Amino acid sequence: MLIASSGVYAAKTPTILVFGDSLSAGYGLKAEQAWPRLLQTELQRRGKSVQIINASVSGETTAGGLTRFAAIQNQYPAQLLILALGANDGLRGLPTQTMQNNLAKIIRSAQSKGTAVHLVGMQIPPNFGPQYTSAFAASYQKLAKEFQLSFTPFLLAPIINNNALFQADQLHPTAPAQKLIMQGVLQDLLKQQAALFK
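Here the structure is a predicted model, which means the values were calculated and not measured.

Participant: Which residues make up the pattern of salt bridges, and what values go with them?
Facilitator: The full count for this structure, using the stated rule, is four salt bridges. Notably, a salt bridge pairs Arg45 with Glu42, separated by 2.7 Å at the nearest N-O pair. In this pair, Arg45 and Glu42 are both assigned in helix H2 (residues 35–45), three residues apart and thus about one turn of the helix distant. For the salt bridge of Arg68 with Glu60, the shortest nitrogen-to-oxygen distance reads 2.3 Å. By relative accessible area, Glu60 is classed as buried at 10%. When salt bridges with common partners are traced through the structure, they connect Glu42, Arg45 and Arg46 into a single cluster.

Right, dumping it as structure tokens:
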């Protein structure tokens, strides 16, 4: 489900497109509790007139995201794409090079339309061994460097050491965790995409 955070999509309003999985879709929460909605509220509080479209889908892999991205970006032209996919690739042990290639194609597609990209990375438990875990995290670093992207290395960094901020499955953040996640992303955006928020 696509959620226009201000209720109605307005083409003339500067738009940020959040394109991720359940961690950005707000799995188990109300739409208004998810960090993308909180990000819009905070930016507006700071006097920034923006609209955030949350096109995140629970369970999405980078392959699934690549399949639907062209239609999404045509429907919702954006000044900034916050790309936050890959967690489900990692949980399934899918090849990191394939994940990296899928993300690269999404990034190229966005940039070809003049859309700036902010990449949001993930880290995963060492279930598939240290080599896979390291390669997984490094994929995001490589993409950020190759495409000169603004970058949040680990979406869950602000909460990862506090089990109480995760739902019962210990995978998805709780409602109180969303503000902390939002603040982490916002901090990186304001530092690295300052021109968009003047």
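There is more to say after this.
Participant: Account for the packing of aromatic side chains, with residues named and values stated.
Facilitator: Using the criterion set out here, one finds four aromatic pairs in the structure. Centre to centre, the rings of Phe19 and Phe69 are 5.2 Å apart; their planes meet at 65°, and the pair counts as edge-to-face. Residue Phe19 is found in strand E2 (residues 15–20), and its partner Phe69 is found in helix H3 (residues 62–75); the two are separated by 50 residues along the sequence. What makes Phe19 buried here is its relative accessible area of 0%.

Participant: Hey, could you go over the packing of H2 against helix H7 (residues 175–192) for me, with residue numbers and the actual values?
Facilitator: Relative orientation of the contacting elements H2 and H7 amounts to 55°, with a least axis distance of 9 Å. When the axes of H2 and H7 are compared, the pair comes out oblique. For the pair H2 and H7, the sense of crossing is right-handed. Across the interface between the two elements, Trp35, Leu38, Leu39, Glu42 and Leu43 from H2 touch Gln178, Lys179, Ile181, Met182, Val185, Leu186 and Leu189 from H7. Taken together, the residues of the contact of H2 with H7 sort by class into nine nonpolar, one polar and two charged.

Participant: Report on the packing of H3 against helix H5 (residues 96–112), specifying residues and quantitative values.
Facilitator: Running from N to C, H3 and H5 cross one another at 10°; their axes reach a closest spacing of 9 Å. As summarised for this structure, H3 and H5 are arranged roughly parallel, according to the angle between their axes. Packed against H3, whose contacting residues are Thr62, Ala63, Gly65, Leu66, Phe69 and Gln73, the element H5 presents Met99, Asn102, Leu103, Lys105, Ile106, Ser109 and Ala110 at the interface. Its residues assigned to classes, the contact of H3 with H5 shows seven nonpolar, five polar and one charged.

Participant: Go over the confidence of the model for the protein, please, and point to the residues and values.
Facilitator: Across the protein, the average pLDDT comes to 93, with 94% of residues at 70 or higher. The low-confidence segment residues 1–11, where pLDDT is below 50, has 32 contacts with residues more than four positions distant or belonging to other chains.

Participant: Give me the lowdown on the side chain of Ser150, citing residues and values where you can.
Facilitator: On the secondary structure map, Ser150 appears in strand E6 (residues 150–152). On the basis of relative accessible area, Ser150 is assigned to the buried category, the value being 5%. A polar atom in the side chain of Ser150 sits 3.5 Å from the backbone oxygen of Val117. In this view, Ser150 contacts Val117, His118, Leu119, Gln192 and Gln193; residues no more than four positions away in its chain are not counted.

Participant: Just give me the short version of the pairing of strand E5 (residues 116–120), but keep the residues and values in it.
Facilitator: Of all five residues in E5, four are buried, a share of seventy percent or more. Strand direction decides the pairing type here: strand E4 (residues 80–84) and E5, joined by four bridges, are parallel. Residue pairing across strands places Leu81 opposite Val117, the latter belonging to E5. Note that E5 and E6 share three bridges and pair parallel. Bridge pairing links Val120 to Thr152 in E6. For the crossover from E5 across helix H6 (residues 130–146) to E6, the handedness is right-handed.

What counts, and where the lines are drawn
As a convention, each chain's residues are numbered from 1 in the sequence order in which they are written. Totals for whole chains, interfaces and linings use every residue, but because this is a predicted model, local features are given only for residues with pLDDT of at least 70 and side-chain atom pairs only at 80 or more, for both listing and counting. Neither water nor hydrogens contribute to the side-chain values; these are computed over all heavy atoms in the structure. By definition, a salt bridge exists where a carboxyl oxygen of Asp or Glu is found within 4 Å of a side-chain nitrogen of Lys or Arg. Working definition: helices are DSSP H or I runs of at least four residues, strands are E runs of at least two. Numbering for both runs from the N terminus. Burial classes follow relative accessibility: with a 1.4 Å probe on protein chains only, a residue under 20% of its type's maximum area counts as buried, one over 50% as exposed, and anything between as partly exposed. Pairing of aromatic side chains requires ring centres within 6.5 Å, counting the rings of Phe and Tyr and the six-membered ring of Trp. Pairs whose planes differ by under 30 degrees are stacked, by over 60 edge-to-face, and all others tilted. Lines fitted to C-alpha atoms define the axes, with helix axes restricted to the stretch in contact, and inter-axis angles between N-to-C directions lie between 0 and 180 degrees. Our angle categories are set so that under 35 degrees counts as roughly parallel, over 145 as roughly antiparallel, 65 to 115 as roughly perpendicular, and the remainder as oblique. Left-handed describes a crossing whose near helix is turned anticlockwise from the far helix through less than a right angle; right-handed describes the clockwise counterpart. Every residue pair with non-hydrogen atoms within 4.5 Å of one another is taken to be in contact. Polar here means any residue other than Ala, Val, Leu, Ile, Met, Phe, Trp, Tyr, Cys and Pro, which are nonpolar, and Asp, Glu, Lys and Arg, which are charged; Gly is therefore polar. A score between 0 and 100, pLDDT records how confident the predictor is in each residue. As used in this structure description, the phrase polar contact means that two N or O atoms lie within 3.5 Å; if the pair is within protein, one of them must be able to donate a hydrogen and the other to accept it, and residues adjacent in sequence are counted only when both atoms belong to side chains. The pairing criterion for strands is at least two bridges between them, as found by DSSP. By convention, orient the strands away from the viewer: a clockwise path from the first strand over the helix to the second makes the crossover right-handed.

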